[in-house]
Amino acid sequence: MFEPSFLATLPPSADCLRANQRDLIHDIHVALTAGHTRILAQADTAFGKTHVMSAITAAAVASEMRALIIVTRTRLALQVHERFERFGIPHGVVAAALPDLRWPAAPVQIAMADTLHRRSIVDARMPLPSADVVIFDEAHLSLGESRLRILGQYPKAIRIGFTATPAKISGRSLRDGYDVLICGPTTKSLIASGDLVRPRIFSAPAVTSTELAAVRKDSKSGDFATGELSQLMSRPKLVGDVVQNWLRIANGKPSIVFACDKAHGAALAQEFRQAGVAAELLTDQDSEPDREASIYRLEYGKTKILINCFLLSPGKDHVIVIDHGRVVENLGMPDEPISWSLDDGNNVNRSTAKRVAERKLSKESPRSCPECAHMWLVSEDGHACDCCGWAPAPAPKKVRVQDADLVELGAVRRDYADDDVHRFFAEALCYYANRWPSKWNEKPNGGRWWAWMNAKEKFQLTIEKPPSNYWRTMPSALTPRTRGWIKSRLIAHARRQHA
């Protein structure tokens, strides 16, 4: 039963939706009432697409329609199943790894694409679920031969695809499967509204641009040839750089590392373990239960590093991105807008490359901090690094000269006041006391000497010992500027140690 207005009113279970999620559903409703039945919806990772799919499915059930939700991985099937449970949607699951969740009579079926294709089309031992609405999660994967054979069995059903990246790997559009594209809010707007965390990017390239340019590219996808890229990235020094930069930037934080292939991933895992970091390698050869167990150990802290090869796609205030492959340099910042389209003449990979090339020539180009490797967009975030406080030296200004007789002064002129030095000294004490509390409690004068050495460096002082009253100074509130400066010195020191 085709009912384009079934999204006009959402059921009470959808009251949990955010305003921007409701807006996306409204836009889908408008497309349906305009006569479109093959709709592609784009929204960022972590936008809450599963929530949106749940609300649409609940609305379909309320209108006595049947729905089929197609997913590509067992973990996604479980994720949708758990969300449907919360929405009170009666459903069954068609997945080889989840036999206990079968309920063929339910009005809604969540199906693994491969399981459904094998059982219903290849073996013909299970009838295809009837459906008025077919929803395809991860819709950028929906145009493979087996997936199109499934979709082709539902010519009269409403088709809605959801994805964060509505394009093929080659960059070509998904026009073969969808008639209209609806884009959700931009990454920047989601960050501004607090729905997504901001990325903190550290550009620590493990290869030079020349080395990367020499790697052969696949003629169809335009991506680097995996074997050659792996050989380049697996050199011991480069693998070691990955580990050392993680220890410096993200030490202790649960992390996902994307490897070129299994050989590169194995080398990374070994290097992390030799550094005393619990690391696991996850590949397509691992069984579904083993993959779930690895993800569980990462989520609960038993594993710190999960290295994967094309299996995973990625209550904090930011996410740390450590870029060793010059990805940001070649593809742009993660929150830059992308011109998604269903126009067959528009290749998103080529248009992105053109945009990045143009940006390099503009005032909006990304800058990498020489002290801590943090990357930021100069035009939007200013000229100073918001991670460590480093800022480029101001351009020299032409000095106007006027003849005059010079007279000797009683003291050397300075660009700072004694109060500035003492204030910085007290804030540096605060940093020391917070960073090394046991040392501060045992030997506070050691902390005062450390703070004085930092003050000497910052203000270029020639006095060896601090004034006598400094030995009685107590820590005062630490400002971001002082914290950033001290952090940049510690990072520079660590770099010299590992050089």
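These lines cover the structure that appears in this document, whether it is placed above or below. All figures in this text were calculated on a predicted structure; none of them were measured in a lab.

## Observations regarding the overall build of the protein chain
At step 1: Regarding its fold elements, the protein chain presents 18 helices and 14 strands.
At step 2: When each of the 499 residues of the protein chain is scored for burial, the buried share is 44%.
At step 3: Summed over all atoms, the accessible surface of the protein chain reaches about 27300 Å², with 52% contributed by carbon and sulfur.

## Some words on the environment of Phe-87
At step 1: Here Phe-87 is to be found in helix α3 (residues 74–87).
At step 2: Judged by its relative accessible area of 8%, Phe-87 falls in the buried class.
At step 3: In sequence terms Phe-87 and His-51 are 36 residues apart; their C-alpha atoms lie 9.0 Å from each other.

## Structural notes on α3
At step 1: Taking 1.5 Å of rise per residue, the 14 residues of α3 would be expected to cover 20 Å, and the 20 Å separating its terminal C-alpha atoms lies within 8% of that figure.
At step 2: The complete set of buried residues in α3 reads Thr-74, Leu-76, Ala-77, Val-80, His-81, Arg-83, Phe-84 and Phe-87.
At step 3: At its buried positions, α3 is contacted by α2 (49–62), β2 (67–71), β3 (91–94), β4 (108–112), β5 (133–137) and α11 (288–299).
At step 4: Positive backbone phi, at 70°, marks Gly-88, one or two positions downstream of α3.

## Describing the pattern of salt bridges
At step 1: In this structure the tally under the stated criterion is 13 salt bridges.
At step 2: Residue Asp-176 pairs with Lys-168 through a salt bridge whose shortest N-O separation is 3.5 Å.
At step 3: For Asp-176, a relative accessible area of 52% gives the class exposed.
At step 4: Residue Arg-297 is joined to Glu-280 by a salt bridge in which the shortest nitrogen-to-oxygen separation is 2.7 Å. Here Arg-297, found in helix α11, pairs with Glu-280, found in strand β10 (residues 279–282); they are 17 residues apart in sequence, far enough to count as distant.
At step 5: Classification of Glu-280 as buried rests on a relative accessible area of 15%.
At step 6: One network of salt bridges, in which partners are shared, links Arg-75, Glu-292 and Glu-299.

## Brief notes about the nonpolar core
At step 1: Membership of the largest hydrophobic core comes to 46 residues, with the highest contact counts inside it found for Phe-6, Leu-7, Ile-28, Ile-56 and Phe-162.
At step 2: Sequence-distant contacts of Leu-7, defined by excluding residues within four places in its chain, comprise Ile-25, Ile-28, His-29, Leu-32, Ile-56 and Ala-59.
At step 3: Counting 21 residues, the second largest nonpolar core, distinct from the first, contains Leu-40, Leu-116, Val-134 and Tyr-178.

## What to know about the pairing of strand β6 (residues 158–163)
At step 1: Within β6, six of the six residues are buried, which leaves the element mostly enclosed by the surrounding structure.
At step 2: Residues Ile-158, Ile-160 and Phe-162 point to one face of β6 and Arg-159, Gly-161 and Thr-163 to the other, with burial holding for every one of them.
At step 3: Note: strand β1 (residues 38–42) against β6, five bridges, orientation parallel. Bridging from a neighbouring strand, Leu-40 pairs with Gly-161 of β6.
At step 4: Of the strand pairs in this sheet, β5 and β6 are connected by five bridges, and their pairing is parallel.

## Comments concerning the sheet that holds β6
At step 1: Across the sheet, seven strands lie side by side as β3-β4-β2-β5-β6-β1-β7; this open sheet has parallel pairing. Two strands in the sheet have a free side with no partner beyond their single neighbour: β3 and β7 (180–183). On average, adjacent strands in this sheet sit at an angle of 20° to one another, irrespective of strand direction.
At step 2: Inspection of the sheet shows β2 paired to β4 by five bridges, in the parallel sense. Opposite Ile-70, over in β4, you have Ala-111 as the bridge partner.
At step 3: The strands touched by helix α1 (residues 19–33) are β1, β6 and β7; relative to β7, the strand with the most contacts, the crossing angle is about 160°.
At step 4: Packed on one face of the sheet, α2 meets β2, β4, β5 and β6 and runs near 165° to β6.

## A word on a nonpolar patch on the surface
At step 1: A cluster of nonpolar side chains, contributed by Trp-449, Met-453 and Trp-471, occupies part of the molecular surface with about 280 Å² of accessible area.
At step 2: Tracing the chain through its elements places Met-453 in helix α17 (residues 444–459).
At step 3: Look at Met-453 and you get partly exposed, because its relative accessible area is 38%.

## Points about the packing of aromatic side chains
Describing an aromatic ring pair means giving the distance of the ring centres and the angle of the ring planes.
At step 1: Throughout the structure, instances matching the rule amount to 11 aromatic pairs.
At step 2: Each ring, one from Phe-424 and one from Trp-485, has its centre 5.7 Å from the other, and the planes form 85°; the classification is edge-to-face. Taken as a pair, Phe-424 in helix α15 (residues 418–435) and Trp-485 in helix α18 (residues 480–498) lie far apart in primary sequence, 61 residues in all.
At step 3: Classification of Trp-485 by relative accessible area gives buried; the value is 18%.
At step 4: Relative to Trp-436, the ring of Tyr-432 has its centre 5.2 Å away and its plane inclined at 55°; by these criteria the two rings are tilted.
At step 5: Its relative accessible area of 8% is what places Tyr-432 among the buried residues.

Cut-off values and rules
Residues numbered from 1 in each chain as written. Predicted model: local features only at pLDDT ≥ 70, side-chain atom pairs only at ≥ 80, totals over all residues. Heavy atoms only, no water. Helix = DSSP H or I, 4+ residues; strand = E, 2+ residues; numbered from the N terminus. Buried < 20%, exposed > 50% of the residue type's maximum accessible area, 1.4 Å probe, protein only. Areas by Shrake-Rupley, 256 points an atom, 1.4 Å probe, with all protein chains shown as cover. Expected span 1.5 Å × (residues − 1). Contact = heavy atoms within 4.5 Å. Salt bridge = Lys/Arg side-chain N within 4 Å of Asp/Glu carboxyl O. Core = buried A, V, L, I, M, F, W, Y, C linked by side-chain atoms within 4.5 Å. Pairing = 2+ DSSP bridges. Axes fitted to C-alpha atoms, helices over the stretch in contact; angles between N-to-C directions. Patch = residues over 30% accessible without salt bridge, like charges linked within 9 Å, V, L, I, M, F, W, Y side chains within 5 Å. Phe/Tyr/Trp six-rings, centres within 6.5 Å; stacked < 30°, edge-to-face > 60°.

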